[in-house]
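Residue-level structural notes
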Amino acid sequence: MITNALVAYVHYLSFMLCFGALIYERISLKADPSRKEAISMVVADIIYGIAGIALLVSGIYRVIKFGQGSEFYTQNPIFWTKMVTFGLVGALSLYPTVTYVLWALPLSKGELPNVTNKLVSRLRVIINIELVGFASIPFLATLMARGIGLT
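Residues numbered from 1 in each chain as written. Predicted model: local features only at pLDDT ≥ 70, side-chain atom pairs only at ≥ 80, totals over all residues. Heavy atoms only, no water.

1. Observations regarding unusual backbone geometry
Backbone geometry follows two general trends: most residues other than glycine have a negative phi, and most peptide bonds adopt the trans configuration. In the Ramachandran plot, Asp-32 falls in the positive-phi region, its phi being about 50 degrees despite a non-glycine side chain. Within the element layout of this structure, Asp-32 appears in the loop between helix H1 (2-28) and helix H2 (35-66). (Helix = DSSP H or I, 4+ residues; strand = E, 2+ residues; numbered from the N terminus.)

Encoded structure:
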């Protein structure tokens, strides 16, 4: 029972960390950031990535070992909608992540990254879409947990 609760806790905490990191990125994103601001964006994305991996791993454990049985999930189209949404959000996050990795290169040399208004606009659109996707996942989970989608 305690392991089940701990895996669920890691799952929920990871989700909150992902969402919080995305919110931080969205709010903090601006053209020509200071060194401290650019580093904080890189760190926020690292937190987002680690939390995303923890979310995925804990979710797999919940389906396989600690949930209502893998058939309950895999037979439900809402579950697959949730998984596709998570995958799309993850795929969308690649562009910002690569961008922040590229920021780390000049930062490691004591220089500032070149962050234009056009880049900021592009990143904001992507992060906004990620936030909408992430916000829909708990709703899908709520539907799924109530058996909606099962025939």
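2. Things to note about the pattern of salt bridges
For the structure shown, the criterion picks out one salt bridge. Measuring nitrogen to oxygen at the nearest pair gives 2.9 Å for the salt bridge that ties Glu-37 to Lys-30. (Salt bridge = Lys/Arg side-chain N within 4 Å of Asp/Glu carboxyl O.)

3. Things to note about the nonpolar core
Leu-29, Tyr-48, Tyr-100, Trp-103 and Phe-134 are the most contacted members of the largest nonpolar core, which totals 23 residues. Going through the elements one at a time, H1, H2, helix H5 (94-108) and helix H6 (117-145) are the ones with two or more residues in this core. Sorting elements by how many residues they give to this core places H6 first, with seven residues. Those residues in contact with Trp-103, other than ones at most four positions away along the chain, are Leu-29, Ala-38, Met-41, Val-42, Pro-113, Val-115, Leu-119 and Leu-123. (Core = buried A, V, L, I, M, F, W, Y, C linked by side-chain atoms within 4.5 Å. Buried < 20%, exposed > 50% of the residue type's maximum accessible area, 1.4 Å probe, protein only. Contact = heavy atoms within 4.5 Å.)

4. Some words on H6
The α-helix winds at 3.6 residues per turn, so residues separated by three or four positions along the chain end up facing the same way. In this model, H6 (29 residues) spans 42 Å end to end at C-alpha, consistent with the 42 Å of a helix rising 1.5 Å per residue. Among the residues trailing H6, Gly-147 stands out with phi positive, at a value near 80 degrees. (Expected span 1.5 Å × (residues − 1).)

5. What about the packing of aromatic side chains?
Scanning all chains against the criterion turns up seven aromatic pairs. Considering the side-chain rings of Phe-15 and Phe-19, the 6.3 Å spacing of their centres and the 10 degrees angle between planes classify their relative orientation as stacked. Taken together, the residues Phe-15 and Phe-19, both in helix H1 and four residues apart, mark about one turn of the helix. Of the aromatic side chains, those joined through ring pairs into one cluster are Phe-15, Phe-19, Tyr-48 and Phe-134. (Phe/Tyr/Trp six-rings, centres within 6.5 Å; stacked < 30°, edge-to-face > 60°.)

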